[in-house]
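Remarks on the overall topology
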Amino acid sequence: MPGTRWLDEEEQRTWRAYLRTSQLLQEALERQLQRDSSMPHAYYMILVVLSESPGRTMTMTELSAILQYSVSRLSHAVSRLEEKGWVRRLKRPADRRTTVAELTDEGYAAIVKAAPGHVEEVRRVLFDPLTPGQVRQFREILATILAAFEHRADEVEGPRELDAAQ
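Residues numbered from 1 in each chain as written. Predicted model: local features only at pLDDT ≥ 70, side-chain atom pairs only at ≥ 80, totals over all residues. Heavy atoms only, no water.

The helix and strand tally for the protein stands at seven helices and three strands. Principal-axis analysis of the C-alpha atoms gives the protein an extent of 55 × 40 × 30 Å. Taking all 166 residues of the protein together, the buried fraction comes to 26%. Here the analysis covers contacts within the protein between residues at least 6 apart in sequence; of these, 48% occur between residues at least 24 apart. For the protein, the exposed area adds up to about 11,900 Å²; of that, 56% sits on carbon and sulfur atoms. Separation of charge centres in the protein, based on 23 positive and 25 negative side chains, amounts to 4 Å. (Helix = DSSP H or I, 4+ residues; strand = E, 2+ residues; numbered from the N terminus. Buried < 20%, exposed > 50% of the residue type's maximum accessible area, 1.4 Å probe, protein only. Contact = heavy atoms within 4.5 Å. Areas by Shrake-Rupley, 256 points an atom, 1.4 Å probe, with all protein chains shown as cover. Lys, Arg positive; Asp, Glu negative; His and termini not counted. Charge placed at Lys NZ, Arg CZ, Asp CG, Glu CD.)

With that settled, consider the confidence of the model for the protein. Any residue range with low pLDDT should be treated as having predicted coordinates unsuitable for detailed reading. On average, residues of the protein score 91 in pLDDT, and 93% of them reach the 70 mark or higher. A low-confidence stretch, residues 159-166 stays under pLDDT 50, and its non-local contacts, those more than four residues away or across chains, total three contacts. (pLDDT = per-residue confidence, 0-100.)

A few words on helix α5 (residues 105-127). Between its terminal C-alpha atoms α5 stretches 31 Å, which fits the 33 Å expected from 23 residues at 1.5 Å a residue. The principal kink in α5, of about 35 degrees, is found at Ala115, preceding the proline Pro116 by one to four residues. Within the span of α5, buried status applies to Gly107, Ala110, Ile111, Ala114, His118, Glu121 and Val122. Where α5 is buried, its residues contact α1 (9-37), α2 (41-51) and β3 (95-103). (Expected span 1.5 Å × (residues − 1). Bend = angle between axes of the 7 residues up to and from the residue.)

The antiparallel open sheet is built from three strands, whose spatial order is β1-β3-β2. Of all strands in the sheet, those with a lone pairing partner are β1 (57-59) and β2 (87-92), marking the two edges. The mean angle between the axes of side-by-side strands here comes to 30 degrees, regardless of whether they run parallel or antiparallel. Inspection of the sheet shows β2 paired to β3 by six bridges, in the antiparallel sense. Within β3, the position partnered with Val87 by the bridge is Leu103. (Pairing = 2+ DSSP bridges. Axes fitted to C-alpha atoms, helices over the stretch in contact; angles between N-to-C directions.)

Regular strands place their side chains on alternate faces of the sheet. Looking at chain direction, β1 and β3 are connected through three bridges and run antiparallel. Bridging across to β3, Thr59 finds its partner in Val100. Adjacent in sequence and paired antiparallel, β2 and β3 are bridged by two residues.

Tallied over the full model, the rule gives nine salt bridges. For Asp36, the salt bridge is made with Arg35, and the minimal N-O distance between the two is 2.9 Å. A cluster of three or more residues bridged by salt bridges with shared partners is formed by Glu9, Glu10 and Arg13. (Salt bridge = Lys/Arg side-chain N within 4 Å of Asp/Glu carboxyl O.)

This part is about the packing of α1 against α5. Where α1 meets α5, the axes come as close as 10 Å, and the angle between the chain directions of the two elements is 155 degrees. Considering the angle they form, α1 stands roughly antiparallel to α5. Our pair here, α1 against α5, has a crossing hand that is right-handed. Here Leu25, Ala28, Leu29, Gln32, Leu33 and Ser37 of α1 lie close against α5, whose contacting residues are Ala114, Gly117, His118, Glu121, Val122 and Val125. (Parallel < 35°, antiparallel > 145°, perpendicular 65-115°, else oblique. Left-handed = near helix turned anticlockwise from the far one by under 90°.)

Okay, the packing of aromatic side chains next. Enumeration according to the criterion identifies one aromatic pair in this entry. Seen from their ring centres, Trp15 and Tyr18 are 6.0 Å apart, and the 25 degrees between their planes marks the pair as stacked. One end of the pair, Trp15, and the other, Tyr18, are both in helix α1, three residues apart, so they sit about a helical turn from each other. A relative accessible area of 42% means that Trp15 is categorised as partly exposed. Taking relative accessible area as the criterion, Tyr18 reaches 48% and is therefore assigned partly exposed. Lying across the ring of Tyr69, Arg73 places its NZ or CZ 4.1 Å from the centre. (Phe/Tyr/Trp six-rings, centres within 6.5 Å; stacked < 30°, edge-to-face > 60°. Lys NZ or Arg CZ within 6 Å of the ring centre and 35° of its normal.)

Here it is as structure tokens:
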């Protein structure tokens, strides 16, 4: 393909190391949460986001955007969390078309119980192998990559009103 900017040897090694590390990290977090809390990492992330939002509620649209989950994936996961009694869906009183996910007291208790083991696993597999300086470098590298994604999204989508209001 003409004009293709192929990865050089160093970039290729870095790319493959990133892919393998990312895969192993996700698998370790998934195993730990399933073993200790009987929940998938995706469910844990939903509970975390709700636990940190005002009133422990958020519209399904906002939750989907924050987690980068498709509407169908989020809906399926929230249905499972409703079955456990950890989340409930409500219609917003002012706008009956909007569905809000609310973390229940039982869901909050589940996240409080799951969090210590999850944080320990994150520490063990991600932060313990690094020096404090490497952690700072890693954060800076990730911030640079995230900023590039956000810049590209703004170019494609234009300014987002939600972001402007914050």
